[in-house]
Amino acid sequence: MYDTKRLDDQTAHTDGIKPECMNVRAEAKKAHLIKAGKRFEYESIAQKDYLTWQGRTEDFLKSLPKEPIFDLVVTSPPYNIGKSYEKKTALEEYLEWQKTIIDQIIPRIKTGGSICWQVGNFVEDNQIFPLDIEFAPIFKQYPLHLRNRIVWHFGHGLHTQRRFSGRYEVVLWYTKTDNAKDPYVFNLDPVRVPSKYPGKKHFKGPKAGQLSGNPLGKNPEDVWTIPNVKSNHVEKTDHPCQYPVGLIERLILALSNPNGLVFDPFSGVGSAGVAAALHGRRFWGTELMDGYAKTGTQRIQDALDGVAKYRPHDLPLYDHTQSKLSQAPDGYRSREDER
Ligand SMILES: C[S@@+](CC[C@H](N)C(=O)[O-])C[C@H]1O[C@@H](n2cnc3c(N)ncnc32)[C@H](O)[C@@H]1O
């Protein structure tokens, strides 16, 4: 079912797809692609479980009823850094534009729902503007509750010459409601990861001598190391800035329930849709570019059909020291020199 040919040394870990991720479903589900320009009536899409709407998310959102529809909104917006799908503008102008979209989204999130905005840096004149810092005052204008500022750490990227090379981005996770009044969805068990010391025992008190950890593992904490999608990652498409399915998989498992509706306003090649489809959540995405919308729809269909290639969120990281490329050639600084 999966192409299990070994990839090159650097990403050999990405082909270790676990059997439980091969989601073969009894009923046939279809990923729909709707092109903007067609007249759009909410009733025509309301029953669609998997939808990519190709056009401006602003237009899509305006056509929806202003009522709670989404269980989880998760996205990585354009960062205003001059990629092919965006026009770089002044930071203030970019943030104003983003606010108009967030304004449209918030009333459409259900009680108990969440919104996750995944961002990196805007860069100008070799100066960085971490976008989570820029977005926080925008989100503060709404009655939302910041639950985590998740640091997504990854291992590969460009090396910078005049500052330290950037190796993390951030996910701002807000809930619509306060737990005391209206509980928000937070499913910890499906995203637990192996404990560091599962054999640890209580050393005093009535439970002394008994194992003290959770057999399902520990809370994954708020710093997540998940490989980014570089050229030889199993999920790589022609999109320049995909987020890995594993990153969104963890959010979807924890912050939504089966059959919930996940929305990604900047859905790119549908990575969030793949994660949703893999775990029985419904998904709507909006994407400006025709080619990405098509690829995304196909990837979601592959996930529904049980043939999507992806790297699960909890797959152990590849031990790069096993690669022959990690051996220092003569004259190069090596790890052994430091011992
Ligand atoms: C950072 S990428 C998101 C990639 C996505 N997370 C994935 O994994 O494929 C941002 C996407 O937003 C799209 N985009 C830009 N402006 C848009 C708009 N007004 N409405 C909808 N999509 C837009 C771009 O074409 C781009 O694919």
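Look a little higher up for the structure.
Below is a summary of the structure that appears in this document. Bear in mind that the values here come from a model prediction, so they are computed numbers and not experimental data. (Residues numbered from 1 in each chain as written. Predicted model: local features only at pLDDT ≥ 70, side-chain atom pairs only at ≥ 80, totals over all residues.)

Our focus in this paragraph is unusual backbone geometry. Positive phi outside glycine occurs at D125, with the angle close to 50°. Its identity is not glycine, yet N126 carries a phi of approximately 60°, on the positive side. Among the secondary structure elements, N126 is positioned in the loop between strand 5 (121-124) and strand 6 (127-130). (Helix = DSSP H or I, 4+ residues; strand = E, 2+ residues; numbered from the N terminus.)

Neighbouring the ligand are 20 residues, the closest being Y85, F266, G268, S271 and L288. Elements that contribute at least two residues to the shell around the ligand include exactly helix 2 (57-63) and strand 11 (282-287). Tallied by class, the residues present in the shell around the ligand amount to nine nonpolar, seven polar and four charged. (Near = placed C-beta within 6 Å. Nonpolar A, V, L, I, M, F, W, Y, C, P; charged D, E, K, R; others polar.)

Before going further, it helps to examine the environment of R281. As for its placement among the helices and strands, R281 is situated in the loop between helix 6 (271-278) and strand 11. With 232 residues separating them along the chain, R281 and D49 place their C-alpha atoms 8.5 Å apart. The residues touching R281, leaving out its near neighbours within four places in the chain, are I252, S256, P258, N259, G260, V262 and A276. (Contact = placed C-beta atoms within 7 Å.)

With 54 residues, the main nonpolar core has I248, I252, V262, V274 and A277 as its most contacted residues. Per element, the largest residue contribution to this core is eight residues, and it comes from helix 5 (residues 245-255). (Core = buried A, V, L, I, M, F, W, Y, C linked by C-beta atoms within 7 Å. Buried ≥ 20, exposed ≤ 12 C-beta atoms within 10 Å, placed from the backbone.)

The subject of this paragraph is the packing of helix 5 against helix 6. Between helix 5 and helix 6, whose axes approach to 8 Å, the crossing angle comes to 50°. By the criterion of interaxial angle, the relationship of helix 5 to helix 6 is oblique. Like other packed secondary-structure pairs, helix 5 and helix 6 cross with a definite hand, here right-handed. Within the contact between the two elements, helix 5 uses V245, I248, E249 and I252 and helix 6 uses S271, A272, V274, A275, A276 and L278. For the contact of helix 5 with helix 6, the class distribution of residues is eight nonpolar, one polar and one charged. (Axes fitted to C-alpha atoms, helices over the stretch in contact; angles between N-to-C directions. Parallel < 35°, antiparallel > 145°, perpendicular 65-115°, else oblique. Left-handed = near helix turned anticlockwise from the far one by under 90°.)

Right, let's talk about the sheet that holds strand 9 (residues 223-225) for a bit. The strands making up a sheet are joined through hydrogen bonds of the backbone, oriented either antiparallel or parallel. Strand order in the open sheet made by the nine strands is 1-2-11-10-3-4-8-7-9, with mixed pairing throughout. Every interior strand has two partners, whereas the edge strands, strand 1 (32-35) and strand 9, have only one. When strand polarity is set aside, the average angle formed by the axes of neighbouring strands in this sheet is 20°. In this structure, strand 10 (residues 261-264) lies alongside strand 11, joined through four bridges in parallel fashion. If you follow L261 over to strand 11, its bridge partner there is R282. Strand contacts of helix 5: strand 3 (70-75), strand 4 (109-119), strand 7 (145-153), strand 9 and strand 10, with the helix running at about 160° to strand 3, the strand carrying the most contacts. (Pairing = 2+ DSSP bridges.)

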